[in-house]
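Structural characterization, general
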Amino acid sequence: MADFQTKEVSTDLLIIGGGMAACGAAVEAAYWAKKNGLKVTLVDKAAMDRSGAVAMGLSAINQYVGLKDGENTLKDYLNYVRNDLMGITREDVVANIARHVDGSVHLFEKWGLPIWTDDEGKYVHEGRWQLMINGESYKVIVAEAAKNALGTDNIYERVFIVDPLMNGDKCVGAVGFSVRENIFYVFKAKAVMVAMGGAVHVFKPRSSGEGLGRAWYPPWNSGSSAYFTLKAGCEMTCQEVRFIPVRFKDAYGPVGAWFLLFKSRATNGLDENYMQTRAGELENWAPYGKVKPVPANLRNWLMLLDVMDGKGPIYMRTEEAIQNIANEFKDDPKAFKKKMKELESEAWEDFLDMTISQAILWAGMNVAPEESKSEIAAAEPYFIGSHSGASGAWVSGPEDLQTAETKDEYFWGYANMCTVPGIFAAGDASGASSHKFSSGSHAEGRIAAKAAIAYCVDNPAEPKVDYAVVEELKTRILAPLDLFEKNKGYSSDNNIHPEYIRPKMFMFRLQKIMDEYAGGVSSQFKTSKPLIERGMFLMDFLREDAEKLAAEDLHELMRCWENTHRMWQAEAHMRTILFREETRWPGYYFRTDTPGMNADWLAFANCTWKNGEWEMKKRPVKYIHESI
Ligand code: SFD
Ligand code: AMP
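None of these values were measured; they are calculated from a predicted model.

Moving on: the site of ligand 1. In the region of ligand 1, 36 residues are neighbours, and D44, A60, S386, H387 and S438 sit closest. Contacts to ligand 1 include M20, whose backbone N or O atom sits 3.1 Å from an oxygen atom. With respect to ligand 1, the side chain of S51 contributes an N or O atom lying 2.8 Å from an oxygen atom. Within the residue set of the shell around ligand 1, elements represented by two or more residues are α1 (20–36), β4 (60–61), β7 (159–167) and α13 (437–458). Here the residues of the shell around ligand 1 are counted per class, giving 18 nonpolar, 14 polar and 4 charged.

For the rest of this paragraph, the subject is the packing of helix α10 (residues 333–352) against helix α11 (residues 356–364). Running from N to C, α10 and α11 point in directions that differ by 130 degrees, and their axes come no closer than 6 Å. Between α10 and α11, the interaxial angle falls into the category oblique. Two secondary-structure elements touch here, α10 through A347, W348, F351 and L352 and α11 through I356, Q358, A359, W362 and A363. Its residues assigned to classes, the contact of α10 with α11 comprises 8 nonpolar, 1 polar and no charged.

Moving on: the nonpolar core. By size, the foremost hydrophobic cluster in this structure holds 206 residues, and its most contacted members are L13, Y138, F177 and W258. Here the element with the most residues in this core is helix α17 (residues 554–579); it accounts for 11 residues. Apart from the residues lying within four places of it in its own chain, the contact partners of Y138 are M20, V54, L58, I61, F108, L113, I133, S438 and S439.

Take the site of ligand 2 next. In the neighbourhood of ligand 2, 14 residues make up the surrounding shell, with Q130, R247, G256, R299 and H387 lying closest. Here an oxygen atom of ligand 2 and a side-chain polar atom of Q130 are 3.0 Å apart. V255 is positioned with one of its backbone polar atoms (N or O) 3.4 Å from an oxygen atom of ligand 2. Protein chains shield 86% of the accessible area of ligand 2, which is 470 Å² for the free molecule. Take the shell around ligand 2: its biggest share by element is 3 residues, from helix α6 (residues 256–261). Among the residues making up the shell around ligand 2, the classes are represented as 7 nonpolar, 4 polar and 3 charged. Each of domain 1 (5–242 + 382–458) and domain 2 (251–378) contributes no fewer than three residues to the shell around ligand 2.

The next point concerns the domain arrangement of the protein. The domain architecture assigned to the protein consists of domain 1 (5–242 + 382–458), domain 2 (251–378) and domain 3 (476–620). Centre-to-centre, using C-alpha coordinates, domain 2 lies 34 Å away from domain 3. On the side of domain 3, 14 residues touch domain 2, which itself brings 11 residues to the contact. Area buried by domain 2 at its contact with domain 3 is led by W285, N297 and M308, which between them contribute 48% of it. Taken together, the links from domain 2 to domain 3 amount to 0 salt bridges. Counting across the interface, domain 2 meets domain 3 through 2 residue pairs in polar contact (both at pLDDT 80 or more). The biggest single contributor to the side of domain 2 that touches domain 3 is helix α8 (residues 296–308), with 7 residues. Tallied by class, the residues present in the side of domain 2 that touches domain 3 amount to 9 nonpolar, 2 polar and no charged.

Time to look at a nonpolar patch on the surface. Judged by side-chain polarity, L212, I496, M505 and F508 come together as a nonpolar surface patch covering roughly 340 Å² of accessible area. Counting through the fold element by element, I496 comes out in the loop between α14 (467–487) and α15 (503–517). Classification of I496 as exposed rests on a relative accessible area of 56%.

Moving on, we come to the sheet that holds strand β2 (residues 13–16). The 5 strands lie next to each other as β6-β3-β2-β10-β17, forming an open sheet whose pairing is parallel. Two strands lie at the open edges of the sheet, namely β6 (155–156) and β17 (423–425), each paired on one side alone. Two elements, strand β10 (residues 191–194) and β17, share 3 bridges in a ladder whose sense is parallel. Across the sheet, residue V194 finds its bridge partner in β17, namely A425. Set on the sheet, α1 makes contact with β2, β3 (40–43) and β10; between it and β2 the angle comes to about 165 degrees.

Let us now look at unusual backbone geometry. Cis geometry marks the peptide bond from A286 to P287, where omega comes out at 0 degrees. Its place among the elements puts P287 in the loop between α7 (274–277) and α8. Across the junction of G312 and P313, the peptide omega takes the value -10 degrees, indicating a cis bond. Of note, N366 is a non-glycine position whose phi angle comes to about 55 degrees, a positive value. With respect to the secondary-structure elements, N366 resides in the loop between α11 and β15 (374–378). Among the residues examined, N366 registers a relative accessible area of 70% and is labelled exposed. Although it is not a glycine, A432 sits at a positive phi angle of roughly 60 degrees. Turning to its location among the elements, A432 is positioned in the loop between β17 and α13.

So, how was this worked out
Residues numbered from 1 in each chain as written. Chains lettered and ligands numbered in written order. Predicted model: local features only at pLDDT ≥ 70, side-chain atom pairs only at ≥ 80, totals over all residues. Heavy atoms only, no water. Near = heavy atom within 4 Å. Polar contact = N/O pair within 3.5 Å; in protein donor to acceptor, adjacent residues only side chain to side chain. Helix = DSSP H or I, 4+ residues; strand = E, 2+ residues; numbered from the N terminus. Nonpolar A, V, L, I, M, F, W, Y, C, P; charged D, E, K, R; others polar. Axes fitted to C-alpha atoms, helices over the stretch in contact; angles between N-to-C directions. Parallel < 35°, antiparallel > 145°, perpendicular 65-115°, else oblique. Contact = heavy atoms within 4.5 Å. Core = buried A, V, L, I, M, F, W, Y, C linked by side-chain atoms within 4.5 Å. Buried < 20%, exposed > 50% of the residue type's maximum accessible area, 1.4 Å probe, protein only. Areas by Shrake-Rupley, 256 points an atom, 1.4 Å probe, with all protein chains shown as cover. Domains from an automatic or database assignment. Buried area = accessible area lost by both parts, 1.4 Å probe. Salt bridge = Lys/Arg side-chain N within 4 Å of Asp/Glu carboxyl O. Patch = residues over 30% accessible without salt bridge, like charges linked within 9 Å, V, L, I, M, F, W, Y side chains within 5 Å. Pairing = 2+ DSSP bridges.

Shown next, in the form of structure tokens:
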């Protein structure tokens, strides 16, 4: 790689990612770093203004606890999250985020984000925990504050991080490459914060052909967080807890505003409401089946039972919901008309603020939501520790929220530090702390960054880099370019070649394995030990072929590594599904050979990858809600 320059950047704290958690981290780290004379650097594969899950904007802030206003208590939030995750949650981490999240929301408002208010100036809620926003520019606003705090000289955009830089067991930074110039980057750091989001396109998506690439969560979040922490030797948790969102079919428009704000029903092809006709099934999943709101996976499950019985399609009854609300004004035709207009515009804005393609699809199909119902469906699985899934790194909780029972299990010195000293994780990258969403991810980024700066102060030794390791990494990371260059033109179609595989084909094979063996859309989210074992056998060949990934240019080089990252996320997922011998989250996945919940598995299923070996470990679930 003679024409690749190597650039070395030395810093104290390296924030990897530029999304919600990273932006929160930037603001907080800048403050504490200034006090301690430390340097903070941020690196993002894209441009922060529109990078990550919030690129298109959002129409709601899904976590606002309202602690100061006395709307809710911390315990209320813990009860909600614990039940929604069928008992498997780190309450210490969830509570730490919940007590700081309102602060992040108030900052967003101060920075210029329009949050809906009512006539009395109070926030308009979508549901108990969710606030409505005019959020098309949400990410731009949050990124601007982060950029101002760090200074653009300390920010590297369009640099894709591939691997942790290790010196033995110690992480001393990260390496990657520019996706625009021939530059290989070596970041040296005393502490590293992983905030590269979740993973999309690990499973075969419903979208194919002309719709390919459309997904609910952003396709550019490709499992880099999981790969980085796994490769560095960090213990991971909840790798089996994928999230399957129910979304408006084919363009993935969100359903929250319809269910919660507009109080819509969903019905099957026979006009039956599965939440009513299937209510008896909830008894089988007690105690969680009996709580309100019904956990997200169980809502999915009741719907899927109808689908598996051939009772689809499933529809969101937008027309009925809008009429129901407007009917409150039916005695005053003028007020009725005005309300209808208002509801119509709110319905469109919900999509235009965060899932523009859904508005385009509605327009393309002549849908008027006030007149006709729209189809919804369970999407393919995603890995996202910040929403209603839980996959991510196993992190230390805060000291002050531990009880005598949790302290030894859940606390090791610095909040949000992984099991490898000096590596921190937040947002989608940290596990077992679901329902943080955009606001909670920002708050968790702030928490992790403050702790990471404390770590740098306590551990001031300069990181020792082994340059032989750097050279090895550089050769391996850039190898796909060489492979393509050397072999191109040999076959009549450069996409089909005996010497290499291009990343798109590689991704298709990964998705096919996951779809058919690990419980994807085509398998109705069902899997079993024999299926997973067969899938893992096929993965061995994929892993072999990962060494033969080829790239025509820098952009495709990024695609190569994105798919290797996805492959690692996939493997962690399959191994953990195999390890947990029960079905705890029907509606996310169903293990047909272990069809019910098993009390022995009210536990975390954790995994670590070290020296080429996977180690699986059960960790106890210990709650703190009684003590706060
Ligand atoms: O309605 C590398 N989310 C919602 N949250 C809400 O609060 N309200 C909503 O309305 C939400 N909905 C929603 C949401 C997301 C999406 C896509 C839709 C709808 C359509 C969830 C939040 O967005 C989510 O919880 C947070 O954004 C998570 O934050 P974080 O920081 O963990 O992830 P990120 O923001 O995606 O940022 C990731 C960053 O990493 C970068 N990156 N950088 C360098 N090297 C690599 N190898 C990298 N790989 C990734 C990315 O560029 C990015 O900067 S609703 O559906 O529920
Ligand atoms: P979604 O648009 O599905 O991501 O939902 C946004 C928020 O509303 C998330 O916090 C969901 O958990 C919640 N939510 C969505 N649908 C429902 C429902 N039917 N009942 C309770 N909460 C819901």
